[in-house]
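Commentary on secondary and tertiary structure
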Amino acid sequence: MQYHPVHAPAECHDMSDIRKEIDHIDYTVIQLLSVRFNYVKAASKFKKSTTDVQATERFNSMLEKRKQWADELGLNGEVIRTLYADLVKYFIAEELKEFARK
């Protein structure tokens, strides 16, 4: 899934164009998060314990990588790290529910 803008930022004519693009971007991001969540749920079948689900070392290294990517793209890496920490904690909680159903 890739984002295809109707207008590039410099081509927007008014705030309406800007808001439409932002809404379109946010919807695309949320669609991708939904796809990511399906992989998270599928991962539970390969894990043998709740410790495997929580995967603390993987969690921490993943957060550092997202921070690095954000920094490289000119975003505030700490903000993105926090955003992903909250998101992945939610996903882990849901994965634990899926794991418990096994």
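For the structure itself, look to the data block above.
Below is a summary of the structure that appears in this document. (Residues numbered from 1 in each chain as written. Predicted model: local features only at pLDDT ≥ 70, side-chain atom pairs only at ≥ 80, totals over all residues. Heavy atoms only, no water.)

1. Describing the nonpolar core
Within the largest apolar cluster, eight residues are counted, these being Val53, Phe59, Met62, Leu63, Ala85, Val88, Ile92 and Phe99. When residues of this core are traced back to their parent elements, those giving at least two are α3 (56-72) and α4 (77-100). For this core, the element with the most residues is α4, which contributes four residues. Beyond its immediate stretch of four places on either side in the chain, Phe59 contacts Gln54, Ala85, Val88, Lys89 and Ile92. (Core = buried A, V, L, I, M, F, W, Y, C linked by side-chain atoms within 4.5 Å. Buried < 20%, exposed > 50% of the residue type's maximum accessible area, 1.4 Å probe, protein only. Helix = DSSP H or I, 4+ residues; strand = E, 2+ residues; numbered from the N terminus. Contact = heavy atoms within 4.5 Å.)

2. So, the packing of helix α1 (residues 15-43) against α4
In the contact formed by α1 and α4, the axes pass within 9 Å of each other and the chain directions differ by 40 degrees. With respect to α4, the axis of α1 lies oblique. Handedness of the crossing formed by α1 with α4: right-handed. Residues Leu33, Arg36, Phe37, Val40, Lys41 and Ala43 of α1 form the contact with α4, whose participating residues are Tyr84, Leu87, Val88, Tyr90, Phe91, Glu94, Glu95 and Glu98. Taken together, the residues of the contact of α1 with α4 break down into nine nonpolar, no polar and five charged. (Axes fitted to C-alpha atoms, helices over the stretch in contact; angles between N-to-C directions. Parallel < 35°, antiparallel > 145°, perpendicular 65-115°, else oblique. Left-handed = near helix turned anticlockwise from the far one by under 90°. Nonpolar A, V, L, I, M, F, W, Y, C, P; charged D, E, K, R; others polar.)

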